[in-house]
Amino acid sequence: MPSRTGSHSPTGFGRGLPERGLLLLAVLVLLEGSVLPLGAASSPDISHQANSDSHKKADGGHNITKKAFPVLSLDYQHIHIPFEISLWVLLASLMKLGFHMIPRLSSIVPESCLLIVVGLLVGGLIKLAGEKVPPVLNTQLFFLILLPPIILDAGYFLPIRPFMENLGTILMFAVVGTLWNAFFIGGLLYAVTQIQPANPSDLHSLELLPCLLFGAIISAVDPVAVLAVFEEIHINELLHILVFGESLLNDAVTVVLYHLFEEFSSEGTVTVMDGFLGLISFLVVALGGVLVGAIYGILAAFTSRFTSHMRVIEPLFVFVYSYMAYLSSELFHLSGIMALIACGAVMRPYVEANISHKSHTTIKYFLKMWSSVSETLIFIFLGVVTVDGPHSWNWTFVVVTVILCLVARVIGVIGLTFVINKFRIVKLTTKDQFIIAYGGLRGAIAFSLGFLLEKNHFPKREMFLTAIITVIFFTVFVQGMTIKPLVELLAVKKKQEAKRSINEEIHTQFLDHLLTGIEDICGHYGHHHWKDKLNRFNKKYVKKCLIAGERSKEPQLIAFYHKMEMKQAIELVESGGGAKLPSSMPSTVSMQNIQPKKPPPAKSADRTLLQIPKGREEEIRKILRSNLQRTRQRLHSYNRHTLVADPYEDGFSDIIKKRRLMELEKKIKEMSNYLTVPAAASDSPTMHRARLSSGRDTDFKPAQQQKGNKSCPDPQSYGVKPATDNVPTIQVDLASPQSPDSVNVMDEFGRGDQEEDQGLMMKPPSGHKKPGEAEGAREQQKLTRCLSDPGPGGDEDEDEPFLP
Amino acid sequence: MGASQTHSAYKYQDLMTKTGFSLEQIKNLHYRFRQLSENNETLSRENLENIKDLADNPIKKQIVEAFFDKRNQHQNEMGSFEEIGFEQFVMVMSHFRPPTPKMTEEEKLAMRKDKLHFLFNMHDSDNDGKITLEEYRKVVEELLSMSGDIEKDTARGIADAAMLEVASTNVPNMGPDDYYEGITFEHFEQMFKEVEMESRMHVRFLDVDTRTIHCGSSTS
């Protein structure tokens, strides 16, 4: 999963000690300052009283004394809710900042632990200040505001391929594992509370159903906690997706069990019929949730098809539709988490094909930001609520619960793996099982569910809450802190920072088709066959419906290829506008090395060799065009008023040009050995045109498109470039694509075009070189773009092709 | 019936040891073979190409060709057959067996190499031991062949980029005059070093003879 919490890179070292100290001090002051208003919130509004008092006084005694007009007055009540919220969020964010300034601490202790400690501190401070701790982990707040962003973030960026490949395993763990945990813990707890009749304790009054309910609450692995801890340990993808997938999918089980037991404990008896209804309910909850999510996902995808005019609100659709999916399923008591996951996963391939690059970035960053803040707040609140909450400590109950949780988890995992391994090709080893068992962390969801319990039905509510909190603390602190060294110790396979290269993509597709073919020859319809059928269905019908324009017909390989080009362009931008080549090209291999060497052909054959057919230019243009998002196409209508092109995206085409030209110039430098005649100065018109034309881009030739002139001059007249790093002379005014400069360029082309419109030909250059090299250079500079690049870190997961 | 049964029993034993399939799996495959070859002894290319489900597969030709490729028979021959018998059919199929849990590391590595060789042979159509640029281009073209109207140059561009990448990773310091002739098997293996080929490249073979499943026990 992409890291949301930032890296533990030693950026903190860069800052000096005094600055760090200053920041910590600021944080502490803020803590102290926040305590007072937070506390004051619950005390009666004094200031309001004061105001009304003064008003009365003013009214009553206006004929006696005229009260001075209050220049400055304090009215905390007016803003207290948003103020507090902002204060909490600010606190959470500053905490996050603060932790990374203490690098040693953050590498030993996972962030979640630190945040809980902070919460404890804040809660303690509030209590010390004598104020009442605000009920922050209010269930409404938690389930409706804090949880959805985290789940949506997880669902939108869920790596679909590993998830689907391991779906059976994940479901087994989620459903059967959680059921086992719930009944085991609940049942044994009840048994324990019933023993020791000689020593009658509180526990005797505990009945079976509340125990089972408690078991159900505490048995579910929590996605927030798992995410928080697993993200920092970077284990391999398989384990990550197993534990994480389990934590997501067990929500359905938890919801059903919770409601089931809650219903029954008010009635008191359970029949077989009820059990059966429970099972049906489970199917309804799970599948219903997924269905609701999928419907909203498709709606979102469909809407995104039409957003080419209003790029700025694209991210909003993604967020709102997802949230609606969550709320709609909560409306029917279906599994909201599964709805969110389904919505995100379904809409993503189509939405990403439709939206602009900036929207994509916006969505990514907003999701990361919200989920990060949410997670931080949840952990802090857990700490606060621990200090506050009514506690009822019962040694037996709590200790037994903790032990039973661990034992149940271990037995469950081992038992299930034994069964699952019979069906899996890649078996789960003991090490894997250990990590899965150890990674079963409980978190805030369990607490909130416990909080929801009604006191009159569950007299032991406080005891439950205490036990839940203890389990949460135990898992998060003990397991969370020790899992990293254990992973190192056991030498568990780590996540491979593999970049998705074009080769891999080609072979993945090839393999898919091959395996489908073999299955067809074998005659039985295995899962490759069905996957293939689904892909074909998707391509034929669904994509046409949900993806706008010609991108709906784009095969996956080409889409991937374009994506990589885009990534390269972005990399170039980020590496400082092309001042130096990104390090993705450490080798000196170029196109020349691959192309079979042709003997220098006769002069007459020169032109034919270099004649790049019109079709090719068209293709390059098409690639660039579809690469740079659909807004490009609007430029073809040569009308300033309808242009909605994104200025930054203009920059990309510019960057791609620049890059190719840079490659070109580099190669020219190398090839200068071969030149026999010194070339013309670099600013000759031919050179200028060479630069312009080698960076062909439709944006600057809408007029020509209109005229139907498909070719463009490419004189290939490269001379020796003086060794400078001159960025090519195209200056695009990024603010307005139809700047005077671009008009000039077009005119240039127009002129150039008139002269030669039979495709590209090599003009008799003022400086010439081997034709083979020229074409080589041309090809190579177009193609070196396509090297797989290291890519921005942590982005691998999101860049999966549409339907893996 | 008796004589041919013992005869086929011997053949099956032989095949079982050679390929590692179980008896049930071989029987199923034989049944399928007879179905495809219309009860002849040998299978021809047309038989395979007439399979309906394969029609939509972009690399159909390569797959069919792989069955008739002598290199996949592990007998160090080259060239291709005109028609294949059941033995050759099973031999090719054996490349798609999943690894068994009892396999040692060496066996797994050997299986992986085997499968990679199979893939390599599919690309290296002229048997010269390397995948040249032309051959790779053809691969990409075939992959894209069923995806609508793709310009030839896009396919070429992709293949060229991919080739460049392989060259850069494996032979990073080539001078401007050196010529990278093609992807050799070692470089090909390198491409897949992160991928667990032995598990990726497998097809589930039926263990159960679906024809003889009926209520009551079968007597065979």
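Quick caveat: nothing in here was measured; it's all calculated off a predicted structure. (Residues numbered from 1 in each chain as written. Chains lettered and ligands numbered in written order. Predicted model: local features only at pLDDT ≥ 70, side-chain atom pairs only at ≥ 80, totals over all residues. Heavy atoms only, no water.)

**Some details on the overall build of chain A**
Across its full length, chain A carries 32 helices and zero strands. Looking at the 804 residues of chain A, the share that counts as buried comes to 57%. Considering only residue pairs separated by 6 or more positions, chain A has 85% of its internal contacts joining residues 24 or more positions apart. (Helix = DSSP H or I, 4+ residues; strand = E, 2+ residues; numbered from the N terminus. Buried < 20%, exposed > 50% of the residue type's maximum accessible area, 1.4 Å probe, protein only. Contact = heavy atoms within 4.5 Å.)

**Let's talk about the overall build of chain B**
Scanning chain B from N- to C-terminus turns up ten helices and four strands. Split into buried and exposed, the 220 residues of chain B put 47% on the buried side. Within chain B, contacts between residues separated by at least 24 positions form 56% of all contacts whose residues are at least 6 apart in sequence.

**Examining the packing of aromatic side chains**
Each aromatic ring pair is described using two quantities: the centre-to-centre distance and the angle formed by the ring planes. Considering all chains together, one arrives at 26 aromatic pairs over all chains under this definition. Each ring, one from F319 of chain A and one from F366 of chain A, has its centre 6.1 Å from the other, and the planes form 45°; the classification is tilted. Taken together, the residues F319 of chain A in helix α14 (residues 314-331) and F366 of chain A in helix α16 (residues 357-388) connect sequence positions 47 residues apart. Take F366 of chain A: its relative accessible area is 33%, and that puts it in the partly exposed class. Ring centres of F473 of chain A and F477 of chain A lie 5.6 Å apart, and the angle between their planes is 45°; on these two criteria the pair is classed as tilted. Here the residue F473 of chain A and the residue F477 of chain A both occupy positions in helix α20 (residues 461-490), the gap between them amounting to four residues, near one helical turn. Residue F473 of chain A is classed as buried on the basis of its relative accessible area of 18%. Here the aromatic residues F33, F67, F86 and F89 of chain B are joined through ring pairs into a cluster of three or more. (Phe/Tyr/Trp six-rings, centres within 6.5 Å; stacked < 30°, edge-to-face > 60°.)

**A word on unusual backbone geometry**
Although it is not a glycine, H333 of chain A adopts a positive phi angle of roughly 60°. As for its placement among the helices and strands, H333 of chain A is situated in the loop between α14 and α15 (336-354). Even without a glycine there, the phi angle at E38 of chain B is positive, about 55°. Classification of E38 of chain B as exposed rests on a relative accessible area of 57%.

**Digging into the confidence of the model for chain B**
One rule of thumb: low pLDDT means the predicted coordinates there are not for detailed reading. Residue and element names in this part refer to chain B. When pLDDT is averaged along chain B, the result is 77; 86% of the residues meet or exceed 70. Mean pLDDT across the elements of chain B bottoms out in helix α1 (residues 2-19) (69) and peaks in helix α6 (residues 105-123) (84). Here residues 214-220 scores under 50 on pLDDT; set against residues more than four positions off or in separate chains, the count is one contact. For this predicted complex, the interface confidence reaches an ipTM of 0.88, while the overall pTM sits at 0.69. (pLDDT = per-residue confidence, 0-100.)

**Focus: α15 of chain A**
Residue and element names in this part refer to chain A. The terminal C-alpha atoms of α15, which comprises 19 residues, lie 26 Å apart, in line with the 27 Å expected from a rise of 1.5 Å per residue. At R348, α15 is deflected by roughly 45°, the largest bend along its length, and proline P349 occurs up to four residues later in sequence. Along α15, 18 of the 19 residues are buried, which leaves the element largely enclosed by surrounding structure. (Expected span 1.5 Å × (residues − 1). Bend = angle between axes of the 7 residues up to and from the residue.)

**Considering the packing of helix α6 (residues 111-128) of chain A against α20 of chain A**
Residue and element names in this part refer to chain A. Running from amino to carboxyl end, α6 crosses α20 at an angle of 140°, the nearest separation of the two axes being 9 Å. By the angle class used here, α6 and α20 are oblique. Viewed along their axes, α6 and α20 form a crossing whose handedness is left-handed. On α20, the residues touching S112, C113, I116, V117 and L120 of α6 are F473, V476, F477 and M481. Across the contact of α6 with α20, the residue classes tally to eight nonpolar, one polar and no charged. (Axes fitted to C-alpha atoms, helices over the stretch in contact; angles between N-to-C directions. Parallel < 35°, antiparallel > 145°, perpendicular 65-115°, else oblique. Left-handed = near helix turned anticlockwise from the far one by under 90°. Nonpolar A, V, L, I, M, F, W, Y, C, P; charged D, E, K, R; others polar.)

**Some details on empty space enclosed by the protein**
All names here are of chain A. If you walk through the whole model with that rule in mind, you get 15 cavities of 30 Å³ or more. Considering only enclosed or pocket space, the largest cavity measures out at about 70 Å³ in volume. Lining the largest cavity, in full, are S106, S107, I108, V109, P110, V229, E232, I233, G480, M481, I483 and K484. When residues of the lining of the largest cavity are traced back to their parent elements, those giving at least two are α5 (103-108), α11 (223-233) and α20. Top contributing element to the lining of the largest cavity by residue count: α20, with four residues. Of the residues in the lining of the largest cavity, the class split is seven nonpolar, three polar and two charged. (1 Å grid on protein atoms, 1.4 Å probe; cavity = no way out; pocket = protein on both sides within 12 Å on 5 of 7 lines; lining within 4 Å. Points joined across faces, edges and corners; volume = space filled by probe spheres on them.)

**Here we look at the environment of V384 of chain A**
Inspection of the secondary structure assignment puts V384 of chain A in helix α16. Relative accessible area serves as the criterion here: at 0%, V384 of chain A is assigned to the buried category.

**Looking at the UniProt feature "domain: EF-hand" (unreviewed entry) in chain B**
Those residues carrying the UniProt feature "domain: EF-hand" (unreviewed entry) are residues 111-146 of chain B in this numbering. Taken as a whole, residues 111-146 of chain B contains 67% helix and 6% strand, while its terminal C-alpha atoms sit 31 Å from one another. (UniProt positions renumbered as here; feature names shortened; annotations may be inferred.)

**Concerning a nonpolar patch on the surface**
All names here are of chain A. Residues W180, W393, W395, V399, I403, L406, V407 and I411 make up a contiguous nonpolar surface patch of roughly 760 Å² in combined accessible area. A per-element tally of the nonpolar patch places helix α17 (residues 395-420) first, with six residues. Classification of L406 by relative accessible area gives partly exposed; the value is 34%. (Patch = residues over 30% accessible without salt bridge, like charges linked within 9 Å, V, L, I, M, F, W, Y side chains within 5 Å. Areas by Shrake-Rupley, 256 points an atom, 1.4 Å probe, with all protein chains shown as cover. Salt bridge = Lys/Arg side-chain N within 4 Å of Asp/Glu carboxyl O.)

**Examining the pattern of salt bridges**
All names here are of chain A. Overall, the coordinates contain 14 salt bridges over all chains when judged by the stated rule. D153 is the partner of K368 in a salt bridge, and the nearest nitrogen-oxygen pair spans 3.3 Å. Of the two residues, K368 sits in helix α16 while D153 sits in helix α7 (residues 139-156), which places them 215 residues apart along the sequence. Exposure remark for K368: the relative accessible area of 12% places this residue in the buried category. Between R161 and E165 there is a salt bridge; the shortest N-O distance is 3.3 Å.

**Quick word on the nonpolar core**
Judged by nonpolar contacts, the single largest core of 140 residues is most densely connected at L147 and F230 of chain A. The dominant element in this core, judged by the number of residues it contributes, is helix α12 (residues 237-267) of chain A, at 16 residues. Setting aside anything within four residues of it in sequence, one finds F230 of chain A in contact with I235, H240, V243, I435, G439 and I483 of chain A. In this structure, I506 and M564 of chain A together with M163 and M197 of chain B belong to the second largest nonpolar core, which totals 69 residues. (Core = buried A, V, L, I, M, F, W, Y, C linked by side-chain atoms within 4.5 Å.)

**Focus on the packing of helix α9 (residues 167-194) of chain A against helix α10 (residues 208-219) of chain A**
Residues and elements named next belong to chain A. Look at α9 against α10: their axes get within 7 Å of each other, and the N-to-C directions meet at 140°. Here α9 lies oblique to α10, going by the angle between them. The handedness of the crossing between α9 and α10 comes out as right-handed. Residues T178, N181, A182, F183, I185, G186, G187, L189 and Y190 of α9 touch α10, and the partners they reach there are L208, C211, L212, F214, G215, A216, I218 and S219. Its residues assigned to classes, the contact of α9 with α10 comprises eleven nonpolar, six polar and no charged.

**Let's talk about the side chain of H187 of chain B**
Inspection of the secondary structure assignment puts H187 of chain B in helix α9 (residues 185-191). Apart from residues no more than four positions distant in its own chain, H187 of chain B is found in contact with V166, N170, V171 and Y180 of chain B.

**So, the environment of S107 of chain A**
Position of S107 of chain A relative to the elements: it lies in helix α5. In sequence terms S107 of chain A and M481 of chain A are 374 residues apart; their C-alpha atoms lie 9.6 Å from each other.

**Notes on the confidence of the model for chain A**
Residue and element names in this part refer to chain A. Within chain A, residue pLDDT values average 70, and 61% of them lie at 70 or more. For chain A, the element scoring lowest by mean pLDDT is helix α25 (residues 603-610), at 37; α14 scores highest, at 92. In the model, residues 1-15 has pLDDT below 50 throughout and makes 38 contacts with residues more than four positions away in sequence or in other chains.

**Remarks on the environment of S145 of chain B**
Residue and element names in this part refer to chain B. When you line up the elements, S145 lands in the loop between α7 (133-143) and α8 (152-170). Judged by relative accessible area, S145 falls into the partly exposed class, the value being 40%. When the C-alpha positions of S145 and N57 are compared, they lie 9.4 Å apart, and in sequence the two are 88 residues distant.

**Quick word on the side chain of D520 of chain A**
Assignment of secondary structure puts D520 of chain A in helix α21 (residues 502-522). Buried within the structure, D520 of chain A lacks any salt-bridge partner; R536 of chain A is the closest side chain of opposite charge, at an N-O distance of 6.0 Å. The contact partners of D520 of chain A, leaving out residues within four places of it in the chain, are H529 of chain A together with R32, I51, D53 and L54 of chain B. (Lys, Arg positive; Asp, Glu negative; His and termini not counted.)

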